[in-house]
Amino acid sequence: DQAATVTYDATTRSATLNPGADLVSGTQYNATISATVQDATGNTPLTRDFVWTFTISTEMLLVSRNESGITANNTSRFADISSDGRYLVFQSTATNLVSNVTVNGLDQIYRKDNVTGEVLLASSDSTGLVAANRAAINPRISSNGRYIVFESPSTNLDTLINSNGITQIYIKDMDDGSIEIASRDLSGSADNSSDTAANARVSDDGRFVIFQSADNDLSTTIIGNAGVLQVYLKDMSDESVEMISRILTTAGDDDSLNPDMSPDGSFVVFESDADNLALTTNFRHIYYVDTTIAHAIEQISVTTAGAGADANSLNPSISDDGSRIVFESDATNLDVLDTNGTTDIYLRNRLTPASTDLVSANPITQFSGNGASTRPDINGSGEFVVFESNANDLDGGNTGVIDIFIRDLSVTTAIEIVRINIPVSGLASTSNSENPIISGDGRYAGFDSVE
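Residues numbered from 1 in each chain as written. Predicted model: local features only at pLDDT ≥ 70, side-chain atom pairs only at ≥ 80, totals over all residues. Heavy atoms only, no water.

Engineer: Explanation requested: the overall build of the protein in the structure shown.
Structural biologist: Across its full length, the protein holds zero helices and 32 strands. Expected size for 451 residues packed as a compact globule is a radius of gyration near 22 Å; at 24 Å, the protein falls within 12% of this value. Along the longest, intermediate and shortest principal axes, the C-alpha atoms of the protein span 85 × 55 × 45 Å. Per-residue burial for the protein yields a buried fraction of 51% across its 451 residues. For the protein, the share of sequence-separated contacts (at least 6 apart) that also reach a separation of at least 24 residues comes to 47%. (Helix = DSSP H or I, 4+ residues; strand = E, 2+ residues; numbered from the N terminus. Rg over C-alpha atoms; globule rule 2.2 N^0.38 Å. Buried < 20%, exposed > 50% of the residue type's maximum accessible area, 1.4 Å probe, protein only. Contact = heavy atoms within 4.5 Å.)

Engineer: Mind showing me how you'd approach the pairing of strand β2 (residues 14-19) here?
Structural biologist: Consecutive residues of a regular strand have side chains that alternate between opposite faces of the sheet. As judged from the six bridges shared by strand β1 (residues 4-9) and β2, these two strands associate in the antiparallel manner. Counterpart to Y8 in the pairing with β2 is A15. From the end of β1 to the start of β2, which pair antiparallel, there are four residues, and R13 there has a positive phi angle of about 55 degrees. (Pairing = 2+ DSSP bridges.)

Engineer: Is there a simple way to explain the side chain of S301 in this structure?
Structural biologist: Tracing the backbone shows S301 in the loop between β22 (297-299) and β23 (313-318). Looking at S301, its side chain comes within polar contact range of the main-chain nitrogen of I286, at 3.1 Å. When neighbours within four sequence positions are excluded, S301 is seen to be in contact with H285, I286, A307, G308, A309, S313, F327 and L334. (Polar contact = N/O pair within 3.5 Å; in protein donor to acceptor, adjacent residues only side chain to side chain.)

Engineer: Would you explain the packing of aromatic side chains in this entry?
Structural biologist: Two aromatic rings are characterised by how far apart their centres lie and by the angle between their planes. Per the stated rule, a full pass over the model turns up seven aromatic pairs. Between F150 and Y170 the ring centres are 5.7 Å apart and the planes differ by 20 degrees, which places this aromatic pair in the stacked class. Pair noted here: F150 is in strand β10 (residues 147-152) and Y170 is in strand β11 (residues 168-173), with a separation of 20 residues, a long-range link. Note on accessibility: F150 and Y170 belong to one class, buried. Centroid distance F267 to Y288: 6.2 Å. Interplanar angle 15 degrees. Geometry classified as stacked. With a gap of 21 residues between them, F267 in strand β20 (residues 267-272) and Y288 in strand β21 (residues 285-290) connect regions that are remote in the sequence. Judged by its relative accessible area of 5%, Y288 is buried. (Phe/Tyr/Trp six-rings, centres within 6.5 Å; stacked < 30°, edge-to-face > 60°.)

Engineer: Can you help me understand a nonpolar patch on the surface in this one?
Structural biologist: Nonpolar side chains collect at one region of the surface, where V6, L17, I33, V37, F50 and W52 lie side by side and expose about 530 Å² of accessible area between them. With respect to the helices, strands and loops of the structure, V37 is situated in the loop between β3 (28-33) and β4 (50-55). (Patch = residues over 30% accessible without salt bridge, like charges linked within 9 Å, V, L, I, M, F, W, Y side chains within 5 Å. Areas by Shrake-Rupley, 256 points an atom, 1.4 Å probe, with all protein chains shown as cover. Salt bridge = Lys/Arg side-chain N within 4 Å of Asp/Glu carboxyl O.)

Engineer: Got a minute to help me understand the environment of N392 in this structure?
Structural biologist: As for its position among the elements, N392 is in the loop between β28 (384-389) and β29 (403-408). Among the residues examined, N392 registers a relative accessible area of 31% and is labelled partly exposed. Engagement of the side chain of N392 in a polar contact is seen with the side chain of N370, the distance being 2.7 Å.

Engineer: What's the story with the layout of surface pockets in this structure? I'm lost.
Structural biologist: Rolled over the atoms, a probe with the dimensions of a water molecule shows which regions are left empty. In this structure, the second largest pocket encloses a volume near 940 Å³. Forming the boundary of the second largest pocket are 41 residues, of which D80, R140, R201, D260 and D377 lie nearest the centre. Elements that contribute at least two residues to the lining of the second largest pocket include exactly β5 (76-81), β9 (137-141), β13 (198-202), β19 (256-261), β23, β27 (373-378) and β31 (433-438). When residues in the lining of the second largest pocket are grouped by element, the largest group, five residues, is from β9. Class assignment of the residues belonging to the lining of the second largest pocket gives a composition of 16 nonpolar, 17 polar and eight charged. (1 Å grid on protein atoms, 1.4 Å probe; cavity = no way out; pocket = protein on both sides within 12 Å on 5 of 7 lines; lining within 4 Å. Points joined across faces, edges and corners; volume = space filled by probe spheres on them. Nonpolar A, V, L, I, M, F, W, Y, C, P; charged D, E, K, R; others polar.)

Engineer: Where do I start with the sheet that holds strand β14 (residues 208-213) in this structure?
Structural biologist: Picture the strands of a sheet paired through backbone hydrogen bonds; they go either parallel or antiparallel. Ordered by their spatial adjacency, four strands build an open sheet running β13-β14-β15-β16, and the pairing between neighbours is antiparallel. Every interior strand has two partners, whereas the edge strands, β13 and β16 (241-243), have only one. Averaged over all adjacent pairs, the angle separating strand axes in this sheet is 20 degrees, with direction ignored. Looking at chain direction, β13 and β14 are connected through three bridges and run antiparallel. (Axes fitted to C-alpha atoms, helices over the stretch in contact; angles between N-to-C directions.)

Engineer: Looking at this structure, I do not really get the nonpolar core. What am I missing?
Structural biologist: Considering soluble globular proteins, one finds that nonpolar side chains tend to be buried as a cluster. Of all hydrophobic cores here, the largest spans 28 residues; its most connected members are Y288, I325, V385 and F387. Looking at this core, the elements that each hand over two or more residues are β20, β21, β24 (324-329), β25 (344-349) and β28. Beyond its immediate sequence surroundings of up to four residues, I325 is in contact with V269, I286, Y288, I300, P316, S317, I318, Y346, L347, R348 and R350. Core analysis: the second largest hydrophobic core is formed by 17 residues, I169, I222, V241 and M243 among them. (Core = buried A, V, L, I, M, F, W, Y, C linked by side-chain atoms within 4.5 Å.)

Engineer: It is not clear to me how the environment of I33 should be interpreted in this structure. Could you clarify?
Structural biologist: Tracing the sequence through the fold places I33 in strand β3. The class of I33 is partly exposed, set by a relative accessible area of 35%. For I33, the residues in contact, after removing those within four places along its chain, are L46, D49, F50 and W52.

Engineer: I'm lost on the pairing of strand β26 (residues 355-358) in this one. Help?
Structural biologist: The pairing of β25 with β26 spans four bridges and is classified as antiparallel. Paired with R348 across the bridge in β26 is T356. Taking the residues that link successive antiparallel strands as the turn, the β25-β26 hairpin has five residues.

Printed below as a string of structure tokens:
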């Protein structure tokens, strides 16, 4: 039942039913006026309850437009979203999204307020009036919408630390406008690797930034191998840098990359080619680290019985409490329901009893979809997973086109998957939709599309 209040306007003789909480799109609701309702004289004019039913439509909102509602005049993509869906950050080469800054046609980072319509340039100096002088890409936003991290080789954003024209991780505080290089060592020296810093995430309080880098001088305690990507956790409060992709005091012996992190910075997942981290070698695997306890590493890309995946696993995404991780894998041994011989989405539930289960499954047959499924993103509570797929048997997928799907994991008696990239026309999609994201509360999802 949904709590609600009723107000009555005697002048217009109209009653308004006000729900106590936001109604959920795609959900059917029943409203009832009880037969016990009385008029002004105490009579009960209804002979029985009056009941009506309505369904909240699924709204599709174009985000890449300016405050006047004008659509971006060039490509916008690679979005991320705050936990409540209010703020969305994305990169764009458009030149008409903000009016107070002259942008240069390079990729820049913008934050859109979906409530007020405000658009702010995030890839700017501390005044907010000078745009990055080199491309800014791959943004991520804290779940509360305050902090944004992104990559850029710009030389005009941080006045205290020299980027040396190398791609660095920047952290922007959207409340006070401050911006600084996060990919720096204890002494304040910026990343100097040829492979550059990339794929950052930021905690809600802005204290922790996780990212990948091949700069083996970032950590003073664990030294990496020259030219090998490692995953580092930067503590902005004391400048310390911890290498996460290690076994005790030994760094991973091959590339570790593409980390994800819980909103408080406690739990980290990443993918790695390192042979000295895994139960099984020769494949890229997914690993988990709890940063609040003594360093230990846990392989996530395993079967329910604990055997390592027999092919590469990539793109991990973690729930807020660290108990649920989704990832994509080419493995054939993670779930007996995987029969399609291509990439699928899996959920690793770390809670006892631990399990690994297929997510990208046909709702009718329960076997894997008939096409590749990739790029999963899990919401904060671990109930919903959004992913992209070219399978046409999941929920009305289109042949030859990548679509966006959401799996509701809270439904345990059936497989509930819904396609969300449905054009306003209602016709089949004719273009790819990619790079899906989901808000922490699971209510909002986003993606890129030229549709």
